[in-house]
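# Observations on the model geometry
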Amino acid sequence: MCGIIGVIGERNATPILLEGLKRLEYRGYDSAGVAVSHKGAILSRRAEGKLHNLEQELIATPLIGYSGIGHTRWATHGPPVKANAHPHSSERVAVVHNGIIENYFDLRQELLAEGVEFSSATDTEVIPHLIERELAKGIEVEQAVRDAILQLEGAFALGILIQGADEQLFAVRRGSPLILGLGEGENFIASDATPLVPYTRKMLYLDDNDVAILQKDGVRVTDLAGRPVKRVIKQSQVSADLSEKGEYRHFMQKEIFEQPMVLGETLKEFINPAKGTIELGSLLSAIDIAKVSTVNIVACGTSWHAGMVGRYWLEKLAGVPVSVDIASEYRYREPPTLPGGVTVVISQSGETADTLAALRFAKSQGQKVIAIVNVAESTISREADGVLYTRAGPEIGVASTKAFTTQLMVLAVIAVCFGRERNHISAAEEKGYVAELLHVPALMEQVLCLDKDIFTIARKLMHAKGFLFLGRGTCFPIALEGALKLKEISYIHAEGYAAGEMKHGPIALIDEDLPVVVVAPRDRLFEKVVSNLEEARARGGQLVVITTAPEVGGADCHADDMIPMVACGDFIAPILYVAPLQLLAYHIAVLKGTDVDQPRNLAKSVTVE
Ligand code: G6P
């Protein structure tokens with residue numbers, strides 16, 4: 001979603017804004033813009049498309065000012081054109097916004113009737129005009145901001161500059177993330193800590209309905225009535241290094257190949273390798289695992305697929321009833337919850353609006369909430385009762401890869417731990433599972449050696465109009481994930497299906513033009529998958545089968561193409577079997593020439609519902 005940056009201090013704001021936007025560009029890249037306060041005027045530059053275009057604009061017509069706001073946009077209202085790029089301005093006010101103003105239509109009609117002229121199709125533009133209307137009443141600036149905010153419905157994080165109040169920068173939060181960075185002689189606002197850590201590690205996290213007034217020498221936070229509120233200041237641990245692609249062509253490729261390392265890093269946090277046990281220490285101290293009645297897993301997108309695998313593991317290893325929900329459905333379904341239930345929310349970013357709302361609903365129902373999160377200091381990690389971090393490091397590619405496999409690793413760890421604490425698995429079984437998990441990084445290295453073979457298959461299939469991905473058991477969600485990866489970055493329609501369900505619909509699609517990718521580890525369902533595969537073959541489908549290589553005891557499946565996997569235990573198979581699907585999607589996208597790291601219409605962090 002949109003990214004916000006803002007600064008007020010003693011040096012030129014523009015380079016700080018631009019550098020900050022580079023670090024936030026993963027959030028949105030439809031258009032970008034900045035505005036600065038300079039000698040009593042507010043000046044802005046905006047450009048359609050990637051940040052590079054704004055940079056060129058600023059080279060051609062530079063801006064200087066000691067306070068400023070910047071924005072990278074992910075379009076919600078109005079197409080991604082320059083006129084809709086932020087900042088949006090009225091005569092004296094400039095605003096950057098992340099979120100959605102739900103009552104913007106009524107407000108716009110009201111303002112139009114009063115003679116206000118609009119220059120964009122955005123929901124955001126009502127905000128500067130509302131503040132302007134309040135200012136016209138002659139009230140002081142701070143009050144005008146608050147009175148305007150009181151008229152807004154929806155979710156928003158705002159950065160606001162007001163002409164005539166050059167010594168101040170305003171920030172407002174309701175629903176969407178916004179933090180303040182407290183520096184020496186300068187203060188900042190941003191959507192997350194990454195653009196701020198080069199300047200300061202002192203972060204102040206705003207709560208909903210906070211209005212912050214930043215000056216170069218200090219910061220005040222008030223509620224919407226203007227009463228001062230106190231917010232905790234924390235030292236950020238976020239790394240200041242902006243990830244580089246290094247030898248890789250794309251971040252996604254780099255992140256796929258980082259998986260052996262980050263899977264090891266993630267596992268290391270949770271095991272005692274000498275004893276062969278899982279150790280979560282105090283991480284889940286808030287939860288009496290033996291007495292947990294139900295587990296409800298809630299997430300979006302790729303994280304939801306991880307949750308679906310987690311269900312199979314938790315049910316089998318811990319004997320606990322598990323449900324899995326898409327957060328945007330769960331939050332409004334408001335399902336009844338059982339006493340003693342645990343909700344597990346999974347989120348790479350820790351900011352996804354629907355997942356956060358699901359967490360809050362679960363807590364309001366008395367459920368304990370465990371979060372599996374990649375981004376430290378994110379809202380979800382701050383609000384959960386217990387947090388288990390994936391150690392994937394920054395994930396820049398919009399299509400999630402290493403975050404997914406590390407989420408699986410954490411879910412596997414939770415399943416083993418729950419199994420032990422509930423006496424559902426023996427100490428020997430725990431050791432066996434831990435031994436399998438310890439093999440994952442090395443096995444993943446071997447799987448990634450299939451890269452060249454997968455490239456060859458990608459070249460053969462890149463012109464297909466559609467794909468079908470099939471899997472059973474823990475590899476059913478892997479089939480869904482394979483289809484999602486392909487859709488996200490190559491724009492080819494793909495469906496993931498439970499292999500056994502194929503004959504209830506998708507089989508009608510099969511002909512010689514439809515590649516059918518079958519995820520078929522040699523587990524107890526293998527023979528069943530082979531039957532499904534034969535059904536597809538009988539109808540002329542082009543079969544790509546991912547299974548154990550014949551030379552390591554696997555089957556020869558009479559596939560058109562086979563991706564020969566290393567032998568591995570059933571438990572860890574989904575973690576390994578997703579990697580060939582990531583590579584297949586990656587190579588097809590590169591061959592088609594799409595923007596792999598920033599595919600059209602998608603955002604890395606979805607902070608609106
Ligand atoms: C977006 C991203 C996906 C991600 C999903 C959930 O759609 O593009 O890669 O899986 O959001 O995000 P989260 O940060 O909550 O895991």
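Scope of this entry: the structure provided in the associated data block. (Residues numbered from 1 in each chain as written. Predicted model: local features only at pLDDT ≥ 70, side-chain atom pairs only at ≥ 80, totals over all residues. Heavy atoms only, no water.)

Each helix and strand in the protein was counted, giving 17 helices and 26 strands. Viewed in the frame of its principal axes, the protein has a C-alpha envelope of about 80 × 55 × 45 Å. Expressed as a percentage of the 609 residues in the protein, the buried residues total 60%. In the protein, the share of contacts with a sequence separation of at least 24, taken over all contacts with a separation of at least 6, comes to 71%. (Helix = DSSP H or I, 4+ residues; strand = E, 2+ residues; numbered from the N terminus. Buried < 20%, exposed > 50% of the residue type's maximum accessible area, 1.4 Å probe, protein only. Contact = heavy atoms within 4.5 Å.)

This part takes up helix α2 (residues 51–60). Among all positions in α2, only L51, L54 and L58 are buried. Buried residues of α2 fall within an arc of 55 degrees about the axis and therefore sit on the same side. Residues of α2 that are exposed and point more than 90 degrees away from the buried face comprise I59 and A60. (Arc of directions from axis to C-beta.)

The next subject is helix α15 (residues 476–490). The terminal C-alpha atoms of α15, which comprises 15 residues, lie 21 Å apart, in line with the 21 Å expected from a rise of 1.5 Å per residue. Counting buried positions along α15 yields 14 of 15 residues, so the element is predominantly enclosed. Y491, located one to two residues past α15, shows a positive phi value of around 65 degrees. (Expected span 1.5 Å × (residues − 1).)

Turning next to the pairing of strand β20 (residues 368–373). Burial analysis of β20 places five of its six residues in the buried class, which makes it a mostly covered element. Judged from the six bridges that link them, strand β19 (residues 342–347) and β20 form a sheet pairing that is parallel. Bridged to I346 within β20 is I372. As a crossover connection, the stretch from β19 through helix α10 (residues 353–364) into β20 is right-handed. Two strands pair when backbone bridges link them, and β20 and strand β21 (residues 386–389) are joined in this way by four bridges, in the parallel orientation. Bridged to V373 within β21 is Y389. (Pairing = 2+ DSSP bridges. Right-handed = clockwise from strand over helix to strand, strands pointing away.)

Take unusual backbone geometry next. Between H86 and the following residue, P87, the backbone shows a cis peptide bond with an omega angle of 0 degrees. Mapping P87 onto the fold places it in the loop between β4 (67–73) and β5 (88–89). One non-glycine residue, K39, adopts positive backbone phi at about 45 degrees. Relative to the helices and strands, K39 is located in the loop between β2 (31–38) and β3 (41–48). Overall, K39 belongs to the exposed group, its relative accessible area being 77%.

So, on to the site of the ligand. Not every one of the 13 residues close to the ligand is listed here, only the nearest: S303, S347, Q348, S349 and T352. One of the backbone nitrogen or oxygen atoms of T302 is found 3.0 Å away from an oxygen atom of the ligand. In isolation the ligand has 390 Å² of accessible area, and contact with the protein removes 91% of it. Here the shell around the ligand gets three residues from one element, more than from any other, and that element is helix α8 (residues 301–318). Partitioned by chemical class, the residues of the shell around the ligand number four nonpolar, eight polar and one charged. (Near = heavy atom within 4 Å. Polar contact = N/O pair within 3.5 Å; in protein donor to acceptor, adjacent residues only side chain to side chain. Areas by Shrake-Rupley, 256 points an atom, 1.4 Å probe, with all protein chains shown as cover. Nonpolar A, V, L, I, M, F, W, Y, C, P; charged D, E, K, R; others polar.)

This next bit is on the nonpolar core. Grouped together as the largest cluster of nonpolar side chains are 96 residues, with contacts concentrated most on L314, F418 and F467. If one sorts the elements of this core by residue count, helix α17 (residues 573–592) sits on top with 14 residues. Apart from residues no more than four positions distant in its own chain, L314 is found in contact with V295, I297, G319, V320, V322, I414, A415 and F418. Judged by nonpolar contacts, the second largest core, of 28 residues, contains V95, L130, A165 and V172. (Core = buried A, V, L, I, M, F, W, Y, C linked by side-chain atoms within 4.5 Å.)

Attention now moves to the sheet that holds β4. Strand pairing in a sheet is mediated by backbone hydrogen bonds. Such pairs are either parallel or antiparallel. Taking strand neighbours across the sheet as the criterion, the eight strands line up as β3-β2-β4-β1-β10-β9-β11-β14 in an open arrangement whose pairing is antiparallel. Each of the sheet's edge strands pairs with one partner strand only, and the pair in question is β3 and β14 (233–235). With direction set aside, neighbouring strand axes in the sheet form an average angle of 20 degrees. Taken together, the four bridges between strand β1 (residues 3–8) and strand β10 (residues 187–190) define a ladder with antiparallel strand orientation. Bridge pairing links G6 to I189 in β10. Running over the sheet, helix α1 (residues 13–24) touches β1, β2, β4 and β10 and is turned about 155 degrees from β1. Taken strand by strand, α2 contacts β2 and β3, and its axis lies near 135 degrees from that of β3. (Axes fitted to C-alpha atoms, helices over the stretch in contact; angles between N-to-C directions.)

This paragraph deals with the side chain of K402. With respect to the element layout, K402 can be found in helix α12 (residues 402–421). The exposure class of K402 is buried, given its relative accessible area of 2%. Among residues more than four places away in sequence, those in contact with K402 are E255, E258, Q259, V262, A392, G393, P394 and E395.

This part covers the environment of I233. Looking at where I233 falls in the secondary structure, it is placed in strand β14. Given a relative accessible area of 42%, I233 falls into the partly exposed group. Leave out the neighbours within four places in its chain, and I233 touches L182, K202, M203 and L204.

For the structure shown, the criterion picks out seven aromatic pairs. Centroid distance Y433 to F571: 4.7 Å. Interplanar angle 65 degrees. Geometry classified as edge-to-face. With Y433 in helix α13 (residues 427–448) and F571 in the loop between β26 (561–565) and α17, this residue pair connects regions lying 138 residues apart in the sequence. We note that Y433, like F571, is buried. Members of the aromatic cluster, connected to one another through ring pairs, are W313, Y433 and F571. Between R108 and the ring centre of F118, over which it is positioned, the NZ or CZ distance is 4.4 Å. The side chain of R600 reaches across the aromatic face of Y491, ending 3.8 Å from its centre. (Phe/Tyr/Trp six-rings, centres within 6.5 Å; stacked < 30°, edge-to-face > 60°. Lys NZ or Arg CZ within 6 Å of the ring centre and 35° of its normal.)

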